[in-house]
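Each chain, letter by letter, is given below.
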Amino acid sequence: FLHVVSMDPPSSYPPSGIPIPSPKLINGRPLVFFRTYVGAAARATQLGLMEDDGLMRVVEEAERSLKDGGVPKGSSKWIDLERDIEMAYRTLELDLS
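For clarity, every value in this text was computed on a predicted model and none was experimentally measured.

The rules behind these values
Residues numbered from 1 in each chain as written. Predicted model: local features only at pLDDT ≥ 70, side-chain atom pairs only at ≥ 80, totals over all residues. Heavy atoms only, no water. Axes fitted to C-alpha atoms, helices over the stretch in contact; angles between N-to-C directions. Helix = DSSP H or I, 4+ residues; strand = E, 2+ residues; numbered from the N terminus. Parallel < 35°, antiparallel > 145°, perpendicular 65-115°, else oblique. Contact = heavy atoms within 4.5 Å. Nonpolar A, V, L, I, M, F, W, Y, C, P; charged D, E, K, R; others polar. Buried < 20%, exposed > 50% of the residue type's maximum accessible area, 1.4 Å probe, protein only. Phe/Tyr/Trp six-rings, centres within 6.5 Å; stacked < 30°, edge-to-face > 60°. Lys NZ or Arg CZ within 6 Å of the ring centre and 35° of its normal. Core = buried A, V, L, I, M, F, W, Y, C linked by side-chain atoms within 4.5 Å.

In this section: the packing of helix H1 (residues 37-46) against helix H2 (residues 52-68). Think of two packed helices as two axes; the pair is described by the angle between the axes and how far apart they sit. Between H1 and H2, the least distance of the axes is 9 Å, while the angle of their chain directions is 175 degrees. Between H1 and H2, the angle falls in the class roughly antiparallel. On the side of H1, the interface is formed by Tyr-37, Val-38, Ala-41, Ala-42 and Thr-45, while H2 contributes Asp-52, Leu-55, Val-58, Val-59 and Ala-62. A per-class count over the contact of H1 with H2 returns 8 nonpolar, 1 polar and 1 charged.

The subject of this paragraph is H1. Of all 10 residues in H1, 8 are buried, a share of seventy percent or more. Looking only at H1, the buried set comprises Val-38, Gly-39, Ala-40, Ala-41, Ala-42, Arg-43, Ala-44 and Thr-45. Downstream of H1 by one or two residues, Gly-48 has phi in the positive range, about 80 degrees.

Our focus in this paragraph is the packing of aromatic side chains. By convention here, two paired aromatic rings are described through the distance between centres and the angle between planes. For the structure shown, the criterion picks out 0 aromatic pairs. Residue placement shows Lys-73 over the ring face of Trp-78; its charged tip is 3.8 Å from the ring centre.

Counting residues in each nonpolar core, the largest one holds 13 residues, and the members touching the most others are Val-38, Ala-42, Leu-55, Val-59, Leu-81, Ile-85 and Ala-88. Looking at this core, the elements that each hand over two or more residues are H1, H2 and helix H3 (76-96). Of the residues forming this core, the biggest block, 6 residues, is contributed by H3. For Val-59, the contacting residues outside a window of four places in its chain are Val-38, Ile-85, Ala-88 and Tyr-89. Core analysis: the next-biggest nonpolar cluster, separate from the first, contains 5 residues, Val-4, Tyr-13, Ile-18 and Leu-31 among them.

In structure tokens:
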């Protein structure tokens, strides 16, 4: 699990947030990239390393943390989090099918 960071100011990010590289296998081992804890938890769930209820707890806590911290809704933190929450919900939908 590699955390994607940037030295660029958030104002330079594309509207969809910083691009995240696709997961890949290296010597048969998964290498995944994430921007938020939710993104990391979603990838861990996809790999069978985390249960669905754990993923939802991470989603809930991440949202609560930004709300309680007074982070403005249009900030890059929310953009990144909302993108990763969408991935989390897609992951949960796949688990249900």
